[in-house]
Amino acid sequence: MVPDLELQLAAATKALREVVAPAIDPANGVALEQLHLAMATVDFVRTRLPLRRRRVVRELENAHALAMQVAAAGGGTLAALADEAQALLDSGADDAAMDALRLRILDAAEQAVAADPGNKDLSRAVLAVAQHQTDLARAWFAPMGFEVDPAGRPTLEQLLEG
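Here we summarise the structure given alongside this text. Small disclaimer: the values here were computed from a predicted structure and weren't measured.

Description of the nonpolar core
Part 1 of the reasoning: Counting residues in hydrophobic clusters, the biggest one holds 23 residues, and the most contacted among them are Leu-60, Val-70, Leu-78, Leu-101 and Ile-105.
Part 2 of the reasoning: Ranked by size, the runner-up nonpolar core spans eight residues in total, among them Leu-51, Ala-139, Trp-140 and Leu-159.

A look at the packing of helix H1 (residues 5-23) against helix H2 (residues 29-48)
Two quantities define a packed helix pair, namely the angle between the helix axes and the distance between the axes.
Part 1 of the reasoning: Where H1 meets H2, the closest approach of the two axes is 9 Å, and the angle between their N-to-C directions is 165 degrees. Between H1 and H2, the interaxial angle falls into the category roughly antiparallel. Seen from above, H1 lies across H2 with left-handed handedness. Side by side, H1 and H2 meet where Glu-6, Leu-9, Ala-10, Thr-13, Leu-16, Arg-17, Val-20 and Ala-21 of the first sit next to Leu-35, Ala-38, Met-39, Val-42, Asp-43, Val-45 and Arg-46 of the second.
Part 2 of the reasoning: Split into classes, the residues belonging to the contact of H1 with H2 amount to 10 nonpolar, one polar and four charged.

Points about H2
Part 1 of the reasoning: Taking 1.5 Å of rise per residue, the 20 residues of H2 would be expected to cover 28 Å, and the 28 Å separating its terminal C-alpha atoms lies within 8% of that figure.
Part 2 of the reasoning: Elements in contact with the buried residues of H2: H1, helix H3 (52-72), helix H6 (120-140) and helix H7 (156-161).

Observations regarding a nonpolar patch on the surface
Part 1 of the reasoning: Taken together, the side chains of Phe-141, Met-144 and Phe-146 make up a nonpolar region of the molecular surface, amounting to roughly 340 Å² of accessible area.
Part 2 of the reasoning: Position of Phe-146 among the secondary structure elements: in the loop between H6 and H7.
Part 3 of the reasoning: With a relative accessible area of 72%, Phe-146 lands in the exposed category.

Focus on the side chain of Glu-147
Part 1 of the reasoning: Checked against the element boundaries, Glu-147 lands in the loop between H6 and H7.
Part 2 of the reasoning: The class for Glu-147 is buried, based on a relative accessible area of 17%.
Part 3 of the reasoning: Within the structure, Glu-147 has its side chain in polar contact with the side chain of Arg-138 (distance 2.3 Å).
Part 4 of the reasoning: When residues no more than four places from it in sequence are discounted, the contact partners of Glu-147 are Arg-138 and Arg-153.

Scoring rules and cut-offs
Residues numbered from 1 in each chain as written. Predicted model: local features only at pLDDT ≥ 70, side-chain atom pairs only at ≥ 80, totals over all residues. Heavy atoms only, no water. Core = buried A, V, L, I, M, F, W, Y, C linked by side-chain atoms within 4.5 Å. Buried < 20%, exposed > 50% of the residue type's maximum accessible area, 1.4 Å probe, protein only. Axes fitted to C-alpha atoms, helices over the stretch in contact; angles between N-to-C directions. Helix = DSSP H or I, 4+ residues; strand = E, 2+ residues; numbered from the N terminus. Parallel < 35°, antiparallel > 145°, perpendicular 65-115°, else oblique. Left-handed = near helix turned anticlockwise from the far one by under 90°. Contact = heavy atoms within 4.5 Å. Nonpolar A, V, L, I, M, F, W, Y, C, P; charged D, E, K, R; others polar. Expected span 1.5 Å × (residues − 1). Patch = residues over 30% accessible without salt bridge, like charges linked within 9 Å, V, L, I, M, F, W, Y side chains within 5 Å. Areas by Shrake-Rupley, 256 points an atom, 1.4 Å probe, with all protein chains shown as cover. Salt bridge = Lys/Arg side-chain N within 4 Å of Asp/Glu carboxyl O. Polar contact = N/O pair within 3.5 Å; in protein donor to acceptor, adjacent residues only side chain to side chain.

Below you can see the structure in the form of structure tokens.
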């Protein structure tokens, strides 16, 4: 067993390509399509795995900005969550803790907007910050080939660096 995750994923892709692919009946188009999808997914994960930590940090930074903006627009408990996010970012907490707090912030922001649906400042705050997260998600998945104009979009590296 090889302990390196990237090497394990490369070995899995190689096994799919060299052992599984030749064993599939060429007339079975669905099986071939699914095999290629599985190989592309494993390759994608392998390229993104080293960037995972930077993405988790950037997503919490985006959520922190959201909490700050929503709190400034009158969004209830978001100021305390923003402080908690800053403390986690400063401490270098683990990915799970950062991701859990990010989800709590998103939930609290959703509740704040739902509690005051006519508050245009809240809506504007959410939209202003949502673009950062949307850009990050689009850049993260750009290699999957669904982006219409990838050259016209910020790169993943630019977005992860801030």
